[in-house]
Amino acid sequence: EAVRISSILALLDREDVDLFREKDAVQALRRVAVVRPEDCTPAIPILRSLLARDELPARADVLATLRAIGDADPGEIAPLTGELVPYLQSNIVSVRREATRCIAAIAEEDPDDAVDAVPSLATIIEDDADGLQYAVYALSRITREYPEEVKPVAETLGEVTLRDSLSDSVRLNATAGLGRIVGEYPSIAVDIVDDVATLFDADNPKLRNNAIGLIGDVAIVHTDVVEPYTEEITALLTVEDTYTRINASGALSRVAEDFPESV
């Protein structure tokens with residue numbers, strides 16, 4: 001609270017380059033940003049210029065400072081998306097993680113600014129890299145407005161959905177994002193219906209609900225693929241969760257159009 005932002009910026013905005021001084025100044029700025037992110041917004045132009053430099057020992061701290069600012073106001077760092085995306089491919093774990101968290105913050109409020117990051121976010125998930133949960137969240141947020149942009153990496157989200165080693169929150173984001181894609185392109189999930197159906201027994205009602213919702217979207221076009229699961233879907237009509245019952249009845253109504261005898 002006692003540190004003046006202007007004093008830190010004065011150390012960074014100098015013509016003579018001293019890497020040790022810059023490293024200390026950036027670390028100080030990062031600590032201040034955790035507590036006073038709004039006060040640190042004047043530092044964004046300088047942080048942006050630091051990211052463009054080839055040699056910078058405190059790059060993870062620069063990204064972490066931007067992330068702290070972005071957590072408070074994603075719109076402040078949204079214009080830096082172009083500079084942030086290359087760091088999603090960094091070989092340095094902390095750099096890649098902080099860049100991913102920055103993109104996730106941007107995607108939460110401004111999905112259109114994060115669209116260009118989709119391929120790199122998918123690579124983070126495929127590599128099972130640190131920051132995977134933020135990459136999944138970012139993709140899920142982007143699907144709210146741009147499901148067609150995430151469609152090429154739908155298979156990656158499908159794999160996350162089925163990994164019981166991941167937390168429920170991560171899998172929920174994956175199923176939600178995948179569900180929005182399948183809602184627009186039902187054929188995308190035809191090959192994973194068997195696997196998604198295993199989530200009908202999930203302990204987490206939200207995960208179960210997302211699974212039956214996804215299956216119901218497949219049934220928009222491919223009732224023949226969903227029809228074999230009529231009995232399992234029918235069992236969901238009596239669960240306590242209202243949304244699961246709604247999605248189950250919706251899926252059955254679509255199957256009934258082509259297979260009334262089954263329903």
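These numbers come from a predicted model, not from an experiment.

K.L.:
Please explain the confidence of the model for the protein chain as it appears in this structure.
P.N.:
Interpretation of the predicted coordinates at a detailed level should be avoided for regions scoring low in pLDDT. On average, residues of the protein chain carry a pLDDT of 93, and 100% of them reach 70 or more. Helix α10 (residues 132–143) holds the highest mean pLDDT among the elements of the protein chain, 97, whereas helix α14 (residues 193–196) holds the lowest, 90.

K.L.:
Help me understand the environment of Y229 in this model?
P.N.:
Residue position: Y229 is located in the loop between α16 (223–226) and α17 (230–235). It is 22 Å that separates the C-alpha atoms of Y229 and A174, two residues lying 55 residues apart in sequence. Among all residues touching Y229, those that are not within four sequence positions of it are V193, D194 and A197.

K.L.:
Would you take a moment to explain the packing of aromatic side chains for this structure?
P.N.:
Any aromatic ring pair is given by two values, namely how distant the centres are and how the planes are angled relative to each other. One pass over the structure, following the stated rule, counts zero aromatic pairs. Across from the ring centre of Y185, 4.3 Å away, lies the NZ or CZ of K151, which sits over that ring.

K.L.:
What is the right way to read the pattern of salt bridges from this model?
P.N.:
Once the charged atoms of two side chains with opposite charge are near each other, the side chains can pair. In total, this model carries 13 salt bridges according to the counting rule given. The partner of D71 in a salt bridge is R67, and the shortest N-O contact between them spans 3.8 Å. Here D71 and its partner R67 are both found in helix α4 (residues 59–72), four residues apart, which amounts to about one turn of the helix. D71 sits in the partly exposed class, given a relative accessible area of 48%. Notably, a salt bridge pairs D217 with R254, separated by 3.9 Å at the nearest N-O pair. Here the residue D217 occupies a position in helix α15 (residues 205–218), and R254 occupies one in helix α18 (residues 242–258), the gap between them amounting to 37 residues.

K.L.:
Can you help me understand a negative patch on the surface in this one?
P.N.:
Together, E38, D73, E76, E108 and E109 make up a region of like negative charge exposed at the surface. As for its placement among the helices and strands, E108 is situated in helix α7 (residues 93–109).

K.L.:
Honestly, the side chain of R59 in this entry has me stumped. Any pointers?
P.N.:
Looking at the secondary structure, you find R59 in helix α4. At 3.3 Å, the side chain of R59 and the backbone oxygen of L51 are in polar contact. The contacts of R59, once residues within four sequence positions are left out, are L50, L51, R53, D54, Y87 and V95.

K.L.:
Looking at this model, I keep getting lost on the state of the cysteines. Mind explaining?
P.N.:
In protein chemistry, a disulfide is the covalent bond that joins the sulfur atoms of two cysteines. Tallying each qualifying case throughout the model produces zero disulfides. We note that C40 lacks a disulfide partner, and the nearest cysteine sulfur, in C102, lies 13 Å from it. On the basis of relative accessibility, which here comes to 0%, the residue C40 falls in the buried class. The buried category is assigned to C102, whose relative accessible area is 0%.

K.L.:
What am I meant to see in the side chain of R36 here?
P.N.:
Summarising the element assignment, R36 is placed in the loop between α2 (19–35) and α3 (44–51). Given a relative accessible area of 13%, R36 falls into the buried group. Among the polar contacts made by the side chain of R36, one reaches the main-chain carbonyl oxygen of V3 at a distance of 2.9 Å. In this view, R36 contacts E1, V3 and I5; residues no more than four positions away in its chain are not counted.

K.L.:
Please explain the nonpolar core as it appears in this structure.
P.N.:
Burial of nonpolar side chains together is a common tendency in soluble globular proteins. Ranked by size, the top nonpolar core spans 89 residues in total, and within it L66, L84, I103, L121 and I233 carry the most contacts. Here L84 is in contact with L51, L63, L66, I77, A99, C102, I103 and I106, once residues within four sequence places are set aside.

K.L.:
How do you make sense of the environment of A211 when you look at a structure like this?
P.N.:
As for its placement among the helices and strands, A211 is situated in helix α15. For the pair A211 and T161, spaced 50 residues apart in sequence, the C-alpha separation works out to 9.0 Å. Dropping the residues within four chain positions of it, A211 is found in contact with V196, L199 and F200.

Thresholds, definitions, all that
- Throughout this document, residue positions are counted from 1 along each chain, in the order its sequence is written.
- Only residues with pLDDT of at least 70 are given local features in this predicted model, and only at 80 or more are side-chain atom pairs given and counted; all residues enter the totals for whole chains, interfaces and linings.
- Processing note: side-chain calculations cover all non-hydrogen atoms of the structure and skip hydrogens and water entirely.
- What pLDDT reports is the predictor's confidence in each residue, on a scale of 0 through 100.
- Strands here are runs of E lasting at least two residues and helices are runs of H or I lasting at least four, both read from the DSSP assignment and numbered beginning at the N terminus.
- Only heavy atoms matter for contacts: two residues are in contact if any of them lie within 4.5 Å across the pair.
- Only the six-membered ring of Trp is used, alongside the rings of Phe and Tyr, when aromatic pairs are assigned; centres must lie within 6.5 Å, and planes under 30 degrees apart are stacked while those over 60 apart are edge-to-face, with the rest tilted.
- We call a charge positioned over a ring when the NZ of a Lys or the CZ of an Arg lies within 6 Å of the ring centre and within 35 degrees of the ring normal.
- The term salt bridge refers to a pairing of a side-chain nitrogen on Lys or Arg with a carboxyl oxygen on Asp or Glu at a separation within 4 Å.
- Burial status follows relative accessibility: with a 1.4 Å probe on protein chains alone, a residue under 20% of its type maximum counts as buried, one over 50% as exposed, and anything between as partly exposed.
- Residues with no salt bridge and a relative accessible area higher than 30% make up the patches, which join like charges within 9 Å and nonpolar side chains (Val, Leu, Ile, Met, Phe, Trp, Tyr) within 5 Å.
- The Shrake-Rupley method, run with a 1.4 Å probe, gives the accessible areas here. Residue values count only the displayed protein chains as cover.
- The charge count treats Lys and Arg as positive and Asp and Glu as negative. His and the chain ends do not count.
- Think of each charge as sitting on NZ of Lys, CZ of Arg, CG of Asp or CD of Glu.
- In the analysis that follows, any N or O atom pair within 3.5 Å is treated as a polar contact, provided that within protein one partner can donate a hydrogen and the other can accept it, and provided that, for residues neighboring in sequence, both atoms belong to side chains.
- Cysteine sulfur atoms that come within 2.5 Å of each other are treated as a disulfide pair.
- Only buried residues count toward a nonpolar core, which is a set of Ala, Val, Leu, Ile, Met, Phe, Trp, Tyr and Cys residues joined through side-chain atoms within 4.5 Å.

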